[in-house]
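The residues making up each chain are set out below.
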Amino acid sequence: TRSTRPQRLLKAVQKNATRGDPQSVISAIDHFCRHSEWAMNIGDEKVVNELNPEKVLELGTYCGYSTVRIARLLPPGARLITLEFNGDYAAIARQVIAWAGLEDKVQLVEGASEDWIPRMKEHFGIETFDLVFLDHWKDRYLPDTKLMEDCGLLRKGTVLLADNVICPGVPDYLQYVRNSLSYKSCYFKSHLEYTKAEDGLEKSVFLG
Ligand SMILES: O=C(NC/C=C/[C@H]1O[C@@H](n2cnc3c(NCCO)ncnc32)[C@H](O)[C@@H]1O)c1cc(-c2ccc(F)cc2)cc(O)c1O
Ligand SMILES: [Mg+2]
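Residues numbered from 1 in each chain as written. Chains lettered and ligands numbered in written order. Predicted model: local features only at pLDDT ≥ 70, side-chain atom pairs only at ≥ 80, totals over all residues. Heavy atoms only, no water.

Details of the site of ligand 1
Just so we agree on the cut-off: The cutoff for a nearby residue is simple: one of its non-hydrogen atoms must lie within 4 Å of the molecule or strand. Definition of a polar contact: a pair of N or O atoms within 3.5 Å, with one able to donate and the other able to accept a hydrogen when the atoms are protein atoms, and with sequence-neighbouring residues admitted only if both atoms are side-chain atoms. Method for areas: the Shrake-Rupley scheme with a 1.4 Å probe, in which residue coverage is limited to the protein chains shown. Secondary structure elements follow DSSP: runs of H or I no shorter than four residues count as helices, runs of E no shorter than two count as strands, and numbering proceeds from the N terminus. Ten residue types, Ala, Val, Leu, Ile, Met, Phe, Trp, Tyr, Cys and Pro, are classed as nonpolar, four, Asp, Glu, Lys and Arg, as charged, and the remainder, Gly among them, as polar.
The environment of ligand 1 is formed by 24 residues, the closest being Glu-84, Glu-114, Asp-135, Asn-164 and Glu-193. Between Asn-164 and ligand 1, the recorded distance is 2.6 Å, taken from a side-chain N or O atom to an oxygen atom. Relative to its free-state accessible area of 820 Å², ligand 1 is covered by the protein chains to the extent of 84%. Elements that contribute at least two residues to the shell around ligand 1 include exactly β2 (79-84), α5 (113-116) and α8 (165-169). In terms of residue class, the shell around ligand 1 is made up of 11 nonpolar, 6 polar and 7 charged.

Structure representation (structure tokens):
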């Protein structure tokens, strides 16, 4: 049977990127998405870099592109937990993360965000996160944010970074973080990955 897009993306990484070099993995995926097949990776334009997080949570790994983008910048000792409930995607992402040489900084958990958010404390010993990157099903941003609040995983200053707030769009989440007194929210205008369509990131700081 025909290979899947994630499998072809992984092949492009193994063919064109240097083992242990995260930037070459990112460039290989960007090249694949620009010149071979578009894929829903956050892309090389939507970037927010002034954060220096120690504990990062990513919702929706897909092929691990944003995982590599974030993890390559983490200082020693910092760690990123990424949740992916599709076993095929998780298998591809593990290999992309390994190719980048970032296994020591990244913990990929195969499972659904709503099942694992309540277990962060007892299973990973995580009290609160410094940064949460939301990039999974768009109708799950809001329920998972409320779940993280209820589980006490957000502290004063925790940053929520949400992809695709324009395209495909997450209207209920945007309305919540922009009107809630518990968040200070701002929009980073950009483009949908590898296209000219408008998209952007919403950065929301939890005020406690
Ligand atoms: O749909 C988009 N992303 C979804 C990502 C899903 C990934 O996350 C995984 N996932 C989903 N829910 C959960 C979950 N928990 C919730 C369910 O239990 N727990 C764990 N993992 C989860 C999936 O298995 C996938 O790996 C998107 C689209 C466009 C787009 C724009 C314009 C177009 F024309 C076309 C497409 C651009 C983008 O940047 C996009 O991110
Ligand atoms: Mg996205």
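After presenting the structure, the write-up continues.
Things to note about the sheet that holds strand β1 (residues 55-59)
Stated precisely, the cut-off is as follows: Two strands qualify as a pair provided DSSP detects at least 2 bridges between them. Helix axes are fitted to C-alpha atoms over the stretch in contact, other axes to C-alpha atoms as well, and angles between N-to-C directions run from 0 to 180 degrees. Whether two residues are in contact is decided by their heavy atoms: any pair within 4.5 Å suffices.
Taken in spatial order, the 7 strands line up as β3-β2-β1-β4-β5-β7-β6 in an open sheet, and their pairing is mixed. Taken across any chain shown, the strands that pair with only one partner, and hence form the sheet edges, are β3 (106-110) and β6 (183-191). Between one strand axis and the next, the sheet turns by 15° as a mean value, whatever way the strands run. For β1 and strand β4 (residues 129-134), the ladder comprises 4 bridges, and the chain directions are parallel. Of the residues in β4, the one forming a bridge with Glu-58 is Phe-133. Along the sheet face, helix α4 (residues 87-99) touches β2 and β3 and points at about 165° away from the line of β3.

Digging into the side chain of Ser-190
Short version of the rule: Each residue's exposure class comes from its accessible area (1.4 Å probe, protein chains only) as a fraction of the maximum for that residue type: buried when under 20%, exposed when over 50%, partly exposed otherwise.
Its location among the elements puts Ser-190 in strand β6. A relative accessible area of 7% means that Ser-190 is categorised as buried. Only 3.4 Å separates the side chain of Ser-190 from the side chain of Glu-45, close enough to count as a polar contact. Those residues in contact with Ser-190 that lie beyond four places of it in its chain are Glu-45, Lys-46, Ala-197, Glu-198, Asp-199 and Gly-200.

Re the environment of Phe-85
Within the secondary structure layout, Phe-85 lies in the loop between β2 and α4. For the pair Phe-85 and Ser-113, spaced 28 residues apart in sequence, the C-alpha separation works out to 7.8 Å. Aside from chain neighbours lying at most four places away, what touches Phe-85 is Gly-111, Ala-112 and Trp-137.

Regarding the confidence of the model for the protein
As a reminder of what qualifies: Residue-level confidence of the predictor is what pLDDT reports, using numbers from 0 through 100.
With 100% of its residues at a pLDDT of 70 or more, the protein has an overall mean of 96. Two numbers describe this predicted complex: its pTM, 0.97, and its ipTM, 0.99.

Considering the packing of helix α1 (residues 5-16) against α4
What counts is decided by this rule: An angle below 35 degrees is read as roughly parallel, one above 145 as roughly antiparallel, one from 65 to 115 as roughly perpendicular, and any other as oblique.
Across the interface, α1 lies against α4 with an axial gap of 10 Å and an inter-helix angle of 10°. The angle between α1 and α4 places the two elements in the roughly parallel class. Residues Pro-6, Gln-7, Leu-9, Leu-10, Val-13 and Gln-14 of α1 pack against Tyr-89, Ile-92, Gln-95, Val-96 and Trp-99 of α4. For the contact of α1 with α4, a count of residues per class yields 8 nonpolar, 3 polar and no charged.

Notes on the environment of Glu-149
Locating Glu-149 in the fold gives a position in helix α7 (residues 141-150). Sequence-distant contacts of Glu-149, defined by excluding residues within four places in its chain, comprise Leu-154, Tyr-176, Tyr-183 and Phe-206.

Some points on the coordination of the magnesium ion (ligand 2)
Which entries qualify depends on this criterion: Any nitrogen, oxygen or sulfur atom within 2.8 Å of a metal ion counts as a donor, with the limit raised to 3.2 Å for Na, K and Ca, and since water is left out, coordination shells can look unfinished.
Coordination sphere of the magnesium ion (ligand 2), protein contribution only: Asp-135 (OD), Asp-163 (OD) and Asn-164 (OD1), at 2.0 to 2.3 Å. Positions of the donor residues of the magnesium ion (ligand 2) along the chain correspond to the pattern D-x27-D-N. Judged by its relative accessible area of 0%, Asp-163 is buried. A relative accessible area of 4% means that Asn-164 is categorised as buried.

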